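Listed below, chain by chain, are the residues.
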Amino acid sequence: MVEDRTELYREFGDERLPPGQHRTESFPVLSKGNVPRVTREEWSLSVRGAVEDPVTLDWEAFTDLGVETQRQDFHCVTGWSRFDCAFTGVSLATVADHVGVESDAVHVRFHAADDYTTDLPLDDALRPETLLAFEFDGDPLPRDHGGPVRVVTPHKYAYKGAKWVTGVEFHTEPVRGFWEKRGYSVTANPWREERYG
Ligand SMILES: Nc1nc2c(c(=O)[nH]1)N[C@H]1C(S)=C(S)[C@@H](COP(=O)(O)O)O[C@H]1N2
Ligand SMILES: [Mo]
């Protein structure tokens, strides 16, 4: 079953294509550095910070939490959007339920195997479309797109979606990720063109 999340734009704007974006049929790759090589067997996800039960999840523990497939759009801050990507994964909300987020948590930071980080306010991060995805269009997520597991955030510019994700940290204060420290928007809403902070 594929859940359609391509209509979420109605919350934010009139058009599915956000202002200043153009559609592409291809799926360009944008990485700031080297592409890490991590297998599903080697991969694990550390979930820590303002949570009741910090854990490190291996592949089996992670996928046992509950897997779903969503059809989503993908908006890159450099101006391209790709419609109708089918991503299969575990939602961050499902992971958060598992660890029990403390009531004073307000912010989330994601960590990745290439030392990339990105951050989101807790409410934005816990929306149901924030997926830790491991399949794209029914196939294992390609390594250059963040395989084995990446975050996808169809309600945000795609720099919020850490490829090769290795950790999720819950914080009681706002924290900044790699691009956010360099002037990119914390909230990054494409329909409001929140590109720069
Ligand atoms: N770990 C990691 N995640 C990352 C990046 C990166 O350099 N490293 N680049 C970000 C940026 S700026 C974008 S636009 C998207 C690009 O995803 P794609 O290469 O699958 O198109 O990944 C985001 N996630
Ligand atoms: Mo980007």
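Coordinates for the structure precede this section.
Residues numbered from 1 in each chain as written. Chains lettered and ligands numbered in written order. Predicted model: local features only at pLDDT ≥ 70, side-chain atom pairs only at ≥ 80, totals over all residues. Heavy atoms only, no water.

## Here's the deal with the sheet that holds strand β4 (residues 55-58)
Taken in spatial order, the five strands line up as β4-β3-β12-β7-β8 in an open sheet, and their pairing is mixed. In this open sheet, the two strands that pair with only one neighbour each are β4 and β8 (117-121). The average angle at which neighbouring strand axes cross in this sheet is 15°, direction not considered. Note that strand β3 (residues 44-49) and strand β12 (residues 165-171) share four bridges and pair parallel. By the bridge assignment for β12, G49 is matched with F170. (Pairing = 2+ DSSP bridges. Helix = DSSP H or I, 4+ residues; strand = E, 2+ residues; numbered from the N terminus. Axes fitted to C-alpha atoms, helices over the stretch in contact; angles between N-to-C directions.)

## Let's talk about the pairing of β12
Within β12, six of the seven residues are buried, which leaves the element mostly enclosed by the surrounding structure. Pairing of strand β7 (residues 107-112) with β12 involves six bridges; the strand directions are antiparallel. Looking at β12, one finds that F110 is bridged to V168. (Buried < 20%, exposed > 50% of the residue type's maximum accessible area, 1.4 Å probe, protein only.)

## Quick word on the site of ligand 1
What surrounds ligand 1 is a group of 21 residues, the closest being P28, D114, H145, R150 and K163. At a separation of 2.8 Å, an oxygen atom of ligand 1 approaches a polar backbone atom of L30. The separation between an oxygen atom of ligand 1 and a polar side-chain atom of R150 is 2.7 Å. Out of a free accessible area of 530 Å², ligand 1 has 97% covered by protein chains. Residue classes in the shell around ligand 1 are distributed as 14 nonpolar, three polar and four charged. (Near = heavy atom within 4 Å. Polar contact = N/O pair within 3.5 Å; in protein donor to acceptor, adjacent residues only side chain to side chain. Areas by Shrake-Rupley, 256 points an atom, 1.4 Å probe, with all protein chains shown as cover. Nonpolar A, V, L, I, M, F, W, Y, C, P; charged D, E, K, R; others polar.)

## Digging into the pattern of salt bridges
Per the counting criterion, the structure on display carries 16 salt bridges. Where E169 meets R48, a salt bridge forms, and the shortest distance between an N and an O atom there is 3.4 Å. Placement of E169 in strand β12 and of R48 in strand β3 is noted, with a sequence separation of 121 residues between them. For E169, a relative accessible area of 12% translates into the label buried. Since its relative accessible area comes to 31%, R48 is described here as partly exposed. Linking R176 and D119 is a salt bridge whose minimum nitrogen-to-oxygen distance equals 3.6 Å. Taken together, the positions of R176 in the loop between β12 and α4 (178-181) and D119 in strand β8 put the pair 57 residues apart, joining distant regions of the chain. On the basis of relative accessible area, R176 is assigned to the partly exposed category, the value being 34%. In the salt-bridge network here, residues are joined through shared partners; they are E3, R5, E11, R127 and E129. (Salt bridge = Lys/Arg side-chain N within 4 Å of Asp/Glu carboxyl O.)

Note that all results are geometric; they support no functional claim without further evidence.
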